[in-house]
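Remarks on the overall topology
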Protein chains: 2
Amino acid sequence: MKLLSRQEEVVLLSIWKLKGNAYGVTVREYISEITGKYWSIGSIYVPLDRLVEKGLVTTYQGLPTKRRGGRSKRFYEITPEGMKVLAEMRQVQRILWKDFPEVTAENNK
Amino acid sequence: MKLLSRQEEVVLLSIWKLKGNAYGVTVREYISEITGKYWSIGSIYVPLDRLVEKGLVTTYQGLPTKRRGGRSKRFYEITPEGMKVLAEMRQVQRILWKDFPEVTAENNK
DNA sequence: TGGTTTTCTTCTATAAATTAGAGGATATCG
DNA sequence: CGATATCCTCTAATTTATAGAAGAAAACCA
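Below is a summary of the structure that appears in this document. As the structure is a computational prediction, the values presented were derived from the model and not from experiment.

Parameters at a glance
Residues numbered from 1 in each chain as written. Chains lettered and ligands numbered in written order. Predicted model: local features only at pLDDT ≥ 70, side-chain atom pairs only at ≥ 80, totals over all residues. Heavy atoms only, no water. Near = heavy atom within 4 Å. Polar contact = N/O pair within 3.5 Å; in protein donor to acceptor, adjacent residues only side chain to side chain. Helix = DSSP H or I, 4+ residues; strand = E, 2+ residues; numbered from the N terminus. Nonpolar A, V, L, I, M, F, W, Y, C, P; charged D, E, K, R; others polar. Expected span 1.5 Å × (residues − 1). Buried < 20%, exposed > 50% of the residue type's maximum accessible area, 1.4 Å probe, protein only. Arc of directions from axis to C-beta. Contact = heavy atoms within 4.5 Å. Least-squares fit on C-alpha atoms with pLDDT ≥ 70 in both. Salt bridge = Lys/Arg side-chain N within 4 Å of Asp/Glu carboxyl O.

**Concerning the protein's contact with DNA strand D**
In the neighbourhood of DNA strand D, 35 residues make up the surrounding shell, with Ser-5, Ser-40 and Arg-50 of chain A together with Tyr-23 and Tyr-45 of chain B lying closest. The contact atoms of DNA strand D, taken as those within 4 Å of the protein, divide so that sugar and phosphate hold 64%. Residue Gly-42 of chain A places a main-chain N or O atom 3.2 Å away from a base oxygen belonging to DNA strand D. Per element, the largest residue contribution to the surface near DNA strand D is four residues, and it comes from helix H3 (residues 42-53) of chain A. Grouping the constituent residues of the surface near DNA strand D by class yields ten nonpolar, twelve polar and 13 charged.

Structure (structure tokens):
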């Protein structure tokens, strides 16, 4: 299997992080918060679909809640296969980033 | 600026890691070694060109060496801007991967 | 109750990045 | 010079990412 793409990595990790509360809107908010960048709706939902296709996440329809309004949520959960792929991904990253210097105030003088 | 794409990250880090010995062939070998996967020639050179365009690396033509054969090498070097982008990238990754569980023999039982 | 508001997703067109490898350039060896 | 070795250029095809309009569905409220 190839390496995860950037968006796949970020979205998959977000789903893992959000536990039982991962759906389109929360995933998008979370990613914006972490990265400090703007992400269009499509930048979240398109990779989400692909992760489902690949079997790295499962999805199920949420039920109406007491909160006002809203189409029902589509929740996502990471699969064991998804966890495995993330673990492999991290291994590669650790080797790649090994020894990369820390940025300190000193470096920026 | 957007996040680095996966290939940009991997190639850029390889250039940094290879110091004065980063050119197409060594970068490709290095990435294969680290990831354990096959990478076509184009998967290296196309992102390399883009990194140059973006100002994250510089390039210069190498001179003939004593080793047999060969078109002269095109070397690459990371720029200060490249280092900065990598440092930002790592920040994002650290937050994303924070708390992700270690894989142990125990987990796989 | 029906119009309004809110929350969230679906869909799809366009742009960008990745992948693949044939082909060619250029050097040394014998 | 011919054979061989090393490395790069180029571009077509595929896959991913990006954008946001449109619409679905629930609760609110006059």
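After that view, the rundown keeps rolling.
**Quick word on helix H3 (residues 42-53) of chain B**
Residues and elements named next belong to chain B. Given a rise of 1.5 Å per residue, twelve residues ought to cover 16 Å, and the 16 Å separating the end C-alpha atoms of H3 matches this to within 8%. Every buried residue belonging to H3 is among Ile-44, Pro-47, Leu-48 and Leu-51, and all of these are buried. With its buried residues spanning 110° around the axis, H3 presents them on a single face. Away from its buried face, by an angle of more than 90 degrees, H3 presents the exposed residues Val-46 and Glu-53. Elements in contact with the buried residues of H3: helix H1 (6-18), helix H2 (24-35), strand E1 (57-61) and strand E2 (74-78). Looking at the residues trailing H3, positive phi occurs at Gly-55, about 80°.

**Brief notes about the protein's contact with DNA strand C**
Near DNA strand C, the surroundings consist of 32 residues, among which Tyr-45 and Gly-70 of chain A together with Ser-5, Ser-40 and Arg-50 of chain B are the closest. When the atoms of DNA strand C within 4 Å of the protein are grouped by moiety, sugar and phosphate amount to 66% of the total. With respect to DNA strand C, the side chain of Lys-73 of chain A contributes an N or O atom lying 3.0 Å from a phosphate oxygen. Within the contact set of DNA strand C, a phosphate oxygen lies 3.1 Å away from a backbone nitrogen or oxygen of Gln-7 of chain B. Top contributing element to the surface near DNA strand C by residue count: H3 of chain B, with four residues.

**A closer look at the side chain of Gln-7 of chain A**
Within the secondary structure, Gln-7 of chain A is located in helix H1 (residues 6-17). Leaving out residues up to four positions away in the same chain, Gln-7 of chain A has contacts with Trp-39, Ser-43 and Pro-47 of chain A.

**Here we look at the relation of the copies chain A and chain B**
After a rotation of 180° and a shift along the axis of 0.0 Å, chain A superposes on chain B with an RMSD of 0.1 Å. In the structure described here, the two chain copies are related by an operation that fits a two-fold rotation axis. Identified as the residue of chain A closest to the rotation axis by C-alpha distance is Arg-6 of chain A, at 2.7 Å. Of the interface residues in chain A, 100% have counterparts in chain B that sit at the interface too, so the contact is made through matching surfaces.

**Concerning unusual backbone geometry**
One can expect most non-glycine residues to show negative phi and most peptide bonds to be in trans. In the Ramachandran plot, Asp-99 of chain A falls in the positive-phi region, its phi being about 75° despite a non-glycine side chain. Relative to the assigned elements, Asp-99 of chain A resides in the segment after helix H4 (80-97).

**Some words on the pattern of salt bridges**
Applying the stated criterion across every chain yields a total of 16 salt bridges over all chains. As a salt-bridge pair, Arg-90 of chain A and Glu-102 of chain B come within 3.6 Å of each other at their nearest N and O atoms. Of the two residues, Arg-90 of chain A sits in helix H4 while Glu-102 of chain B sits in the segment after helix H4 (80-97), which places them in two different chains. By relative accessible area, Arg-90 of chain A is classed as buried at 9%. Since its relative accessible area comes to 43%, Glu-102 of chain B is described here as partly exposed. As a salt-bridge pair, Lys-84 of chain B and Glu-81 of chain B come within 4.0 Å of each other at their nearest N and O atoms. Separated by three residues within a single helix, Lys-84 of chain B and Glu-81 of chain B lie in helix H4, roughly one turn from each other. Residue Glu-81 of chain B is classed as partly exposed on the basis of its relative accessible area of 34%.

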